[in-house]
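# Coordinate analysis (summary)
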Amino acid sequence: MSDAVRTLRVHRFKRGDDAPRVEEHLVPAHEGTTVLEALRWIQLQEDPTLGLRHSCFHASCGTCGVRVNGRERLACVTRLSDVEGAVIVDPIANLPVLHDLVVDMAAFVARFPQPHPIVRESEFLPESSPADGIDDHERYEDCIECGLCLSACPVAATDDTYVGPAALAYAQRMIEESRGGDREALLHWADQDAGAWRCHAAFECTEACPSDVRPAQRIMALRRELRGRRTDHDRAVPDRPATVTGASA
Amino acid sequence: MSERSPRQGRDAGVDEILEGRREPGPVARKLPGPVAWFDIRGRSTGHLAFSLNRITGLGLVFYLYLHLLVLSTLLRGEGSWNGFLEIATTPLFLGFDVLLVFGLLVHGLNGTRLALVGSGFVPNRQKALFWSFMIFGAIVLVYTAIHVFGSEG
Amino acid sequence: MLIVGGGGTGGALAHDLTLRGARVVLVERGEFTSGTTGRHHGLLHSGARYAVNDKESALECIEENTLLRRIAPGSFEENDGLFVGLTDEDMAYLPAFLEGCEDTGIPTQVLQPDEALRLEPMLNPVLKVAVRVPDATMDAMRMPLRFFATAKANGADLLNWVDVIDIDLAGGVVSGATVRDQVTGRQTHIGADLVVNATGPWSEQVARMAGVDVPIRPSPGVMLAVRGRLCNMVVNRLHASGDGDIVVPQRALSIVGTSSWVVEDPDDLGVPADHVQRMIDEGSMLVPAVREAPFRSAWSAARPLIGSRDDADSGRELSRTFKTIDHAVDDGVEGFVTITGGKGTTLRGMAEVCADVVSRKLGLDMPCATRETVLLPHTAAYAA
């Protein structure tokens, strides 16, 4: 249980600044201190203007996504003791920065097909039976919409139109368990250049995901699904000749 | 942007705040996109494979161009071609040949892995696939290098 | 009008008043729900916890529980909950518990140990009884965010990253607030006919800016998240309130809560290690697997408890109900209202009561429409 002083180098940017800058802070830390706690210490003790997203403190809301020494992490569950040397904190990549460490999630949310059910059947404790009057146990989807996957994706780094791993993983989950969604429409949505085919299998999204969504595997499952089916929207030529009367088959 | 109609009498302070954040901000990328492809610091196997595929792909395209350039010396007669053949057996050049084989092996084997994984077969074994293919490729490379340098070339 | 505070209460209030035709501006210094609202374990209260000692809160809870499922469909894990009796002491509490639930309209179903274990196989096998109640689980950020989404779509200006530095006061009348826009760093003024203080445990700090005092004590509690979804239903201990007496599933985690103490500064809570240990000890009495489950996070959240300075030592004695304070009536300061207290489950109800006061003061004639209005999905809060 050693107390230490850690160096944090935090990305700072306010609207109107010419360029982002880095501010260095010396933060007292003990064994369990998280990156989020360190950043809040800076906010409360040294600089109340530091912009920082957080809400739940337990990896469920997905708001505290940052890059720590270049790696995508949730600040609330990343311990300083797991990071070596100076702790460089940047906002997540591939989304517009509002200020400091805060990104504009509108661009992230816009990539998802609508509607967007977030509760699913619970696969946990399959040996249990639900109480009378309840059909199945439910649970929230794993995806906490943190954007870490989009930040880690090398394709998203070069193509802003790519819908991204989170949106594709979500579509695949909807296809797996529809909950009133339109399966065909979702497959059609995924079957576009900027959709499931834009992925180049770097698998960084799965590496970065703090919630075990495994978006890369889900994108590959989507592709398997798409591969085997006919998608008529691209067919300019019908595959059977028109009937004698001129009507199409 | 919101489709709300502009309201009369919105407070000036509120307007100022909304205006200050109307423009989308800069995207925080440390390196420009294509350069970031090759930044594997802190990244895992999948990104390494991605980067290798790109660099070998670029390398092979570059080689193809060189190859055609070299072949075009034939158009200038036997003399130029023979001149080329002289340097083609020097150790440095043979070294480049081995490099070429390296590029072909990495790109070809990883490409096979990508074709398998990317079509939805065995996505959960993509790391194991990468390393086993690369080890196989390394063995083939060593064998080739020995033969390239050992024989007349 | 200006709402200070972007937690569940502020969001629900913005939604209610927008529906009544008010021009609403809300300011929040950080991310929405980043104060107390987002940090709780996600319990949608049946109210059963308060059925014996705080019937007012229990009634509020069960009513709001039913309403929220209607206006925010798809935002709850509707698996119900269990109150589990482990000891003779717990069993002695059972009759009063059932009576209290009956009095407050909370449906119950008494289950024998084998039935309970069929529903939740990971419960402590020595349990003596379990009572099923209509608890549910919510995402503590995303459910309240739906209020923000709907208010925004209806024309409210919801400004996060705006910090209130001072309440503008002249001659006993509040005319707005001096704020700093964190995005640009610039200071500006926002004028309003009425300012509502909806800052939860920070209520006292903000009220002081208007020269008034509100009896709010920040009362934090510790929560612990462990890996593994050890139950699908909410699991409570069948006794009067105590530490670590609830286990709430959250996606693939299990949250054990909570404890209670009182602090001065809601920004400086700390996470006492002995409280975390208590969560492990008490939580594993309900669900033994808690003890060995891998650690995910431990944190504190401050409840806004109503009561004067001398009222309580630990915070558990203070009521969990809520209060609207019209400072024109109480303190002679016109144009300033505080809404405070309460719990995550009662956000809509709190907003309705406060909005009634506010609309009277602003001369708006519309009744509350939030009981029937189905909320937009949470993603709409982020839409451009």
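Residues numbered from 1 in each chain as written. Chains lettered and ligands numbered in written order. Predicted model: local features only at pLDDT ≥ 70, side-chain atom pairs only at ≥ 80, totals over all residues.

## Re the interface of chain B and chain C
Contact residues are listed per partner, giving 11 residues for chain B and 14 residues for chain C. When the residues that make up the side of chain B that touches chain C are grouped by side-chain class, the tally is 4 nonpolar, 3 polar and 4 charged. (Contact = placed C-beta atoms within 7 Å. Nonpolar A, V, L, I, M, F, W, Y, C, P; charged D, E, K, R; others polar.)

## Details of the packing of helix α1 (residues 8–19) of chain C against helix α9 (residues 347–362) of chain C
Residues and elements named next belong to chain C. In the contact formed by α1 and α9, the axes pass within 8 Å of each other and the chain directions differ by 55°. On the basis of the axis angle, α1 is oblique to α9. Handedness of the α1/α9 crossing: right-handed. Here Gly8, Thr9, Ala12, Leu13, Asp16 and Leu17 of α1 lie close against α9, whose contacting residues are Leu347, Arg348, Met350, Ala351, Glu352, Cys354, Ala355 and Val358. (Axes fitted to C-alpha atoms, helices over the stretch in contact; angles between N-to-C directions. Helix = DSSP H or I, 4+ residues; strand = E, 2+ residues; numbered from the N terminus. Parallel < 35°, antiparallel > 145°, perpendicular 65-115°, else oblique. Left-handed = near helix turned anticlockwise from the far one by under 90°.)

## Here we look at the interface of chain A and chain C
Taken together, the 46 residues of chain A in the interface contact 44 residues of chain C. When residues of the side of chain A that touches chain C are traced back to their parent elements, those giving at least two are β6 (97–99), α2 (106–109) and β9 (138–140) of chain A. The dominant element in the side of chain A that touches chain C, judged by the number of residues it contributes, is β9(A), at 3 residues. Each residue belonging to the side of chain A that touches chain C can be placed in one class, and the counts come to 23 nonpolar, 15 polar and 8 charged.

## Overview of the sheet that holds strand β3 (residues 43–44) of chain C
Residue and element names in this part refer to chain C. In spatial order, the strands read β3-β8-β4; together these 3 strands make up an open sheet with antiparallel pairing. Bordering the open sheet on either side are β3 and β4 (76–77), each of which pairs with just one other strand. Bridge analysis of β3 against strand β8 (residues 136–138) gives 2 bridges, and the strand direction is antiparallel. Opposite Leu43, over in β8, you have Thr137 as the bridge partner. (Pairing = 2+ DSSP bridges.)

## Observations regarding the domain arrangement of chain C
All names here are of chain C. Annotation of chain C at the domain level lists domain 1 (1–42 + 139–215 + 318–384) and domain 2 (79–137 + 217–306). At the junction of the two partners, domain 1 supplies 15 residues and domain 2 supplies 16 residues. The residue inventory of the side of domain 1 that touches domain 2, partitioned by class, reads 4 nonpolar, 9 polar and 2 charged. (Domains from an automatic or database assignment.)

## Concerning the confidence of the model for chain B
Summarising the model, chain B shows a mean pLDDT of 84, and 92% of its residues fall at 70 or more. Contacts for the low-pLDDT stretch residues 1–7 of chain B, under 50 throughout, to residues beyond four places or in other chains number 3 contacts. (pLDDT = per-residue confidence, 0-100.)

## Some points on α1(C)
Residue and element names in this part refer to chain C. With 12 residues, α1 extends 17 Å from end C-alpha to end C-alpha; this agrees with the ideal 16 Å at 1.5 Å per step. With 12 of its 12 residues buried, α1 lies for the most part within the structure. Every buried residue belonging to α1 is among Gly8, Thr9, Gly10, Gly11, Ala12, Leu13, Ala14, His15, Asp16, Leu17, Thr18 and Leu19, and all of these are buried. Gly21 occupies a position one or two residues after α1 and carries a positive phi of about 95°. (Expected span 1.5 Å × (residues − 1). Buried ≥ 20, exposed ≤ 12 C-beta atoms within 10 Å, placed from the backbone.)

## Considering the environment of A:His137
By secondary structure assignment, the location of A:His137 is in the loop between β8 (119–121) and β9. For A:His137 and A:Arg120, which are 17 residues apart along the polypeptide, the C-alpha to C-alpha distance reads 8.7 Å. Beyond its immediate stretch of four places on either side in the chain, A:His137 contacts A:Ser122, A:Pro130, C:Asn79 and C:Asn232.

## Description of the environment of B:Val98
Residues and elements named next belong to chain B. Mapped onto the elements, Val98 comes out in helix α5 (residues 91–118). Residues Val98 and Val61, spaced 37 residues apart in sequence, show a C-alpha to C-alpha distance of 16 Å. Those residues in contact with Val98 that lie beyond four places of it in its chain are Thr144, Ala145 and Val148.

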